[in-house]
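Listed below, chain by chain, are the residues.
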Amino acid sequence: MRIAFYAPMKAPGHPVPSGDLRVAGLLIAALEAAGHAVEIASTFRSYDGIGEPQQQSERRAAASAEAGRITARLATRPAAERPALWFTYHVYHKSPDWLGPAVAPALRLPYVIAEPSYAAKQAGGPWASGLAATRRAIEAADALICPTRLDMAAVTPLSRPERVHYLPPFLAPAPFIAARADRAAARAEIVARHGLDPDRVWLLAVGMMRRRDKLESYRRLAAALAKLQVSSWRLLVVGDGEARAEIEAAFAPFGNKIVFAGARTPEQLPRIYAACDIYVWPAAGEAYGMALLEAQAAGLPVVAGRVRGVPDVVQDRMTGLLANENDAADFAAMLGPLVEDSALRYSFGASAAQFVSDERTVAAAAAALDAILRPLVAVSP
């Protein structure tokens, strides 16, 4: 079928990389792998990061005009060239969907939201209008596809249980499998480029150096490392951004035990993951963390904070270890045995790679999405 795809926070093709873009691309890949033709319905961005009422009002008005244009454009197509379904990715109070709830009923299309999020605590706050629009969209959706059980619990009261589906995060594992098979060469590249001691245990953290949640994660990691009772480790940090100076200051007490590698492209990351020994990330405010899944795909055990949707990505005590949120001592207690025991690292890492290859692939997601979407089109008027 032909699917109209819309991402109100950041449209595919946006020049600024982010996790949202990564997941949108993976959803499109899964839909196409299921045999569907995907078209970007609009690049209109509803995102409001500051909670400013005038800006929100202007965007609502612009969205109304955009919805009218889309409806008119699609309605004039021959029937065989019209979309059979509207698919919106990532809706929450800062980026509501004003297009899908207008266009889908006008064209009599099933309306689907992937990654809906509803935070009732935002009612009455600066994004109250976005929250209200998000609630209306969730209530109107014919299917809600949730990447975490936390999201499912939040949106189910606004819908019907049969309309709420679980599709955990997934990726294309082939580059990570290939990198893992070439681990020795990948590790040698890191030694040559950054001078890391190959006889030490390499910890890895990958994250954009933004303020707020990312900065907080780095600070929590520094606090945990300060409590670590073993010293045979080095930390490779991959990322860059406006908070880099603050992050470097947080790790300054560790001296040359920390290596800042700067930003890397998505194509470079699989070999970096595979070269290292343990992935570490406290995950402050993390929705679920695609980097946690990528690290496991490359065969790394993970130590992360038990935060929000992280348990939907890391299988505690099987593919990694989850520490209590914002508990530096607990994080260090989880990490220490992995640093000291190579056999334990190998066992967790092998389970992690198998878990992703078996359950969290584009192919698996394609089958799951197809099973959700086809019945909606079959019964649509």
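Here the structure is shown first, and the text comes after it.
Overview of the structure. (Residues numbered from 1 in each chain as written. Predicted model: local features only at pLDDT ≥ 70, side-chain atom pairs only at ≥ 80, totals over all residues. Heavy atoms only, no water.)

**Points about the overall build of the protein**
- If you tally the helices and strands in the protein, you get 14 helices and 12 strands.
- Compactness check: the protein gives a C-alpha radius of gyration of 22 Å against a globular reference of 21 Å for 381 residues, within 12% of the reference.
- Projected onto the principal axes, the alpha-carbon positions of the protein cover approximately 65 × 40 × 35 Å.
- Pairs at least 24 residues apart make up 70% of the contacts formed inside the protein by residues separated by at least 6 positions. (Helix = DSSP H or I, 4+ residues; strand = E, 2+ residues; numbered from the N terminus. Rg over C-alpha atoms; globule rule 2.2 N^0.38 Å. Contact = heavy atoms within 4.5 Å.)

**Notes on the pattern of salt bridges**
- Inspection of the entire model under this criterion finds 20 salt bridges.
- Notably, a salt bridge pairs R183 with D277, separated by 2.9 Å at the nearest N-O pair. In this pair, R183 is assigned in helix α7 (residues 183-194) and D277 in the loop between α10 (269-275) and β10 (278-281), connecting sequence segments 94 residues apart.
- Look at R183 and you get partly exposed, because its relative accessible area is 30%.
- One salt bridge in this structure joins R220 and E216, with 2.9 Å as the shortest N-O distance. Taken together, the residues R220 and E216, both in helix α8 (residues 213-226) and 4 residues apart, mark about one turn of the helix.
- Taken together, the salt bridges that share partners define one network made up of R2, E39 and R77. (Salt bridge = Lys/Arg side-chain N within 4 Å of Asp/Glu carboxyl O. Buried < 20%, exposed > 50% of the residue type's maximum accessible area, 1.4 Å probe, protein only.)

**Observations regarding unusual backbone geometry**
- Positive phi, close to 60 degrees, is recorded for R108, a residue that is not glycine.
- Tracing the backbone through its elements, the reader meets R108 in the loop between α3 (100-107) and β4 (111-116).
- R108 gets classed as exposed once you look at its relative accessible area, which sits at 54%.
- The backbone of R317 sits at a positive phi, close to 70 degrees, despite the residue not being glycine.
- Tracing the sequence through the fold places R317 in the loop between β11 (302-305) and β12 (320-323).
- Looking at R317, the relative accessible area reads 54%, which means it is exposed.

**Quick notes on the packing of helix α11 (residues 290-297) against helix α13 (residues 342-359)**
- With their axes 7 Å apart at the nearest point, α11 and α13 run at an angle of 110 degrees to one another. Comparing the axis directions of α11 and α13 gives the class roughly perpendicular. Here L293, Q296 and A297 of α11 lie close against α13, whose contacting residues are A352, A353, F355 and V356.
- Split by residue class, the contact of α11 with α13 holds 6 nonpolar, 1 polar and no charged. (Axes fitted to C-alpha atoms, helices over the stretch in contact; angles between N-to-C directions. Parallel < 35°, antiparallel > 145°, perpendicular 65-115°, else oblique. Nonpolar A, V, L, I, M, F, W, Y, C, P; charged D, E, K, R; others polar.)

**Observations regarding the packing of helix α12 (residues 328-340) against α13**
- Contact pair α12 / α13: the axes reach a minimum separation of 5 Å and the direction vectors enclose 105 degrees. With respect to α13, the axis of α12 lies roughly perpendicular. Note on element contacts: α13 touches α12 through S342, L344, R345 and F348, opposite P337, L338, V339 and E340.
- Its residues assigned to classes, the contact of α12 with α13 comprises 5 nonpolar, 1 polar and 2 charged.

**With respect to the sheet that holds β12**
- The strand order across the open sheet built from 6 strands is β9-β8-β7-β10-β11-β12, with neighbouring strands paired in parallel fashion. In this open sheet, the two edge strands, each paired with only one partner strand, are β9 (258-262) and β12. Taking each pair of neighbouring strands and ignoring which way they run, the sheet shows an average axis angle of 25 degrees.
- Two strands pair when backbone bridges link them, and β10 and β11 are joined in this way by 3 bridges, in the parallel orientation. Bridge pairing in β11 links Y279 to V302. (Pairing = 2+ DSSP bridges.)

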